Amino acid sequence: MGVVAAGQPAPEFTLRRQSGDAFTRADLDGETTLLVFYPFAFSPVCTDQLSLYQEMLEDFSARGVTLYGVSCDATYSQEAFRRELGVTIEQLSDFEPKGAACRAFGVLHPGGFPQRALVLVGPDGVVRWSYEAPSPGDLPGANLIFDALDG
């Protein structure tokens, strides 16, 4: 299937915030949102990726973009990961039912974890740009995202 393509509406989904509250397709309305799908909390490339994006967070905010990290880790693991890294990017869990949102976005790896992927959704709920890394070990640089925002 592959990652949801630009021009498609964002699929219906439900993720969980640290509080346990639902984060759904409706939460994207009126915002420009970058969903950052990553394989595993505490893995080396995921650590580097979220740290890099945190360093660039003011630049993303200046362009009106809100970032969310998405993995199939439990909310407790994600919160520990976020705190350990010192990042403010909110983490959203696709733990139960495991991988359902990742499947809806076309980024669920056969191993049951998210592919490393980025999905930019406009305020109208339509995907403006998407990217799937060639492998889970490849880190998409921030310049890739800024190029997409400028394009």
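Use the structure listed above.
Residues numbered from 1 in each chain as written. Predicted model: local features only at pLDDT ≥ 70, side-chain atom pairs only at ≥ 80, totals over all residues. Heavy atoms only, no water.

**Q** With reference to specific residues and values, describe the pairing of strand β4 (residues 65-71).
**A** A regular strand places its side chains on the two faces of the sheet in alternate fashion. For β4, the tally of buried residues reaches six of seven residues, placing the bulk of the element in the interior. The pairing of strand β3 (residues 32-37) with β4 spans six bridges and is classified as parallel. Within β4, the position partnered with Leu35 by the bridge is Tyr68. In this sheet, strand β5 (residues 90-93) lies alongside β4 in parallel orientation, the contact comprising four bridges. Within β5, the residue paired with Val70 across the bridge is Leu92. A crossover links β4 with its parallel partner β5, the connecting element being helix α3 (residues 75-85), and its sense is right-handed. (Buried < 20%, exposed > 50% of the residue type's maximum accessible area, 1.4 Å probe, protein only. Helix = DSSP H or I, 4+ residues; strand = E, 2+ residues; numbered from the N terminus. Pairing = 2+ DSSP bridges. Right-handed = clockwise from strand over helix to strand, strands pointing away.)

**Q** Describe the side chain of Thr33, with residues and values.
**A** By secondary structure assignment, the location of Thr33 is in strand β3. In this structure, Thr33 is in contact with Leu28, Thr66, Tyr68, Val119, Leu120 and Val121, ignoring residues within four places of it in sequence. (Contact = heavy atoms within 4.5 Å.)

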